[in-house]
Amino acid sequence: MTGGNRLLIGVGWATGVFALWLRYRHREVRLPREQAVEVNWLALATLYSFVIPAKGTLSLFDTGVLFLMFAGYVRAAGKTHHEEPELEGPAELLARLAPAGRRGASLALALVAGAAIVTAAEPFAESLIATGRQFGIEEFLLVQWLAPLVSESPEFVVAVLFALRGSAAASIGTLISSAVNQWTLLVGALPAAFALSHGSAVPMQLDGRQREEIFLTSAQSVFALVVIANFTFSRLEAAVLFLLFVPQLFLTTPAARWTHATLYLVLAAGIVCFSPTARAGVRQLLPLRRRRPS
């Protein structure tokens, strides 16, 4: 989870901006205000994420809170304005079917995808651990970086394709939405799966490294939120996100994790203090706050 989240923000968000610059020479991405839903709920999930390393456990209480957040996000997203997509390829073929045919095809595709995950996930994870032991590579690092790189690659590809077609907002929006899903649905599912396998409602006890990793992931999410709080994402900001992420692949000591996390939070605080537009944007990152009518 920590590897997937940090890859999405540190590499995925930056990749979308760089792809847009290489293709169209646009120096920044302007997000539509409709994407405030994703940004706001990511902010709420990020705030709650700091509770997890503070208490040192992931429990069924966290499952309930995070699943409620996900349900609130889905409900809010469903109420926003949506434009009809331009369909191509397999999606266009499915759209030509009658409603019953579309539903049947969608269900079949979901079942095939689910079967592929069920049959491949455990052998893949066990092979990663075995490879680490064989070559003397730390298992944690393989699971944290290689596994998420494989699992998140479809989203990276989709985001890049959106950017190359000029749909920069859709590119970044896809990755922001994925980060919301990671912080709510994925993290919430972990203690539920652990309790199910244990046979009782016991919480997951986090060791020191796991708490540090989650705290670092939360700090990166805070910095990313401050960067896009004004609904613009520049090439320079993308470069900073990427450059702050890369050293984490090689500096894996506790001191390095605390340093990276502190750097993210200090930079976020500095942007809020010295940028009026960022400060105004951050004030809006409260999805449950009542706004006075203008």
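This section reports on the structure supplied with the text. Note on numbering: residues in each chain are counted from 1, in written sequence order. Where totals are concerned, whole chains, interfaces and linings use all residues; where local detail is concerned, this predicted model gives features only for residues with pLDDT of at least 70, and gives and counts side-chain atom pairs only at 80 or more. Each side-chain value is derived from all of the structure's non-hydrogen atoms; neither hydrogens nor water enter the calculation.

We now examine helix α6 (residues 99-135). A run of H or I in DSSP becomes a helix once it reaches four residues, and a run of E becomes a strand once it reaches two; helices and strands are each numbered from the N terminus. Given the number of residues in a helix, its expected span is that number minus one, multiplied by 1.5 Å. For α6, with 37 residues, the first-to-last C-alpha span of 52 Å sits near the 54 Å given by 1.5 Å per residue. Here the bend at a residue means the angle between the axes of two seven-residue stretches, the one that ends at it and the one that starts at it. At Ala120, α6 shows its strongest bend, of approximately 35°, with the proline Pro123 following within four residues. By definition in these notes, contact holds between two residues if any of their heavy atoms fall within 4.5 Å. Taken together, the buried residues of α6 touch α5 (89-95) and α7 (139-164). Just downstream of α6, Gly136 is the residue with a positive phi angle, here 70°.

Attention shifts here to α7. Spacing of three or four residues puts side chains on the same side of an α-helix, whose turn is 3.6 residues. Taking 1.5 Å of rise per residue, the 26 residues of α7 would be expected to cover 38 Å, and the 36 Å separating its terminal C-alpha atoms lies within 8% of that figure. The sharpest bend along α7 measures roughly 45° and falls at Glu152, with the proline Pro154 sitting one to four residues further on. We call a residue buried when its accessible area falls under 20% of the maximum for its residue type, exposed when it is over 50%, and partly exposed in between, using a 1.4 Å probe and counting protein chains only. Along α7, the positions that sit buried rather than exposed are Leu142, Gln144, Trp145, Ala147, Pro148, Glu152, Phe156, Ala159 and Ala163. Where α7 is buried, its residues touch α1 (2-24), α6, α8 (168-198), α9 (208-228) and α10 (235-245). Just downstream of α7, Gly166 is the residue with a positive phi angle, here 90°.

The packing of two helices is summarised by the inter-axis angle and the distance between the axes. Relative orientation of the contacting elements α9 and α10 amounts to 170°, with a least axis distance of 11 Å. As summarised for this structure, α9 and α10 are arranged roughly antiparallel, according to the angle between their axes. Residues Gln220, Phe223, Ala224 and Val227 of α9 lie in contact with α10, whose contacting residues are Glu237, Val240, Leu241, Leu244 and Phe245. Residue polarity is assigned by list, with Asp, Glu, Lys and Arg as charged and Ala, Val, Leu, Ile, Met, Phe, Trp, Tyr, Cys and Pro as nonpolar; anything else, Gly included, falls into the polar class. Residues that form the contact of α9 with α10 fall into these classes: seven nonpolar, one polar and one charged. Convention adopted: a line fitted to C-alpha atoms gives each axis, helices being fitted over their contacting stretch, and angles between N-to-C directions are expressed from 0 to 180 degrees. Comment on the angle field: the value is read as roughly parallel under 35 degrees, roughly antiparallel over 145, roughly perpendicular from 65 to 115, and oblique elsewhere.

Quick look at the pattern of salt bridges now. A pairing counts as a salt bridge when a side-chain nitrogen of Lys or Arg comes within 4 Å of a carboxyl oxygen of Asp or Glu. Enumeration according to the criterion identifies six salt bridges in this entry. With its nearest N and O atoms 3.2 Å apart, the salt bridge here joins Arg96 to Glu92. Classification of Arg96 by relative accessible area gives exposed; the value is 62%. Linked through salt bridges whose partners overlap, the residues forming this network are Arg6, Arg209, Glu212, Glu213 and Arg257.

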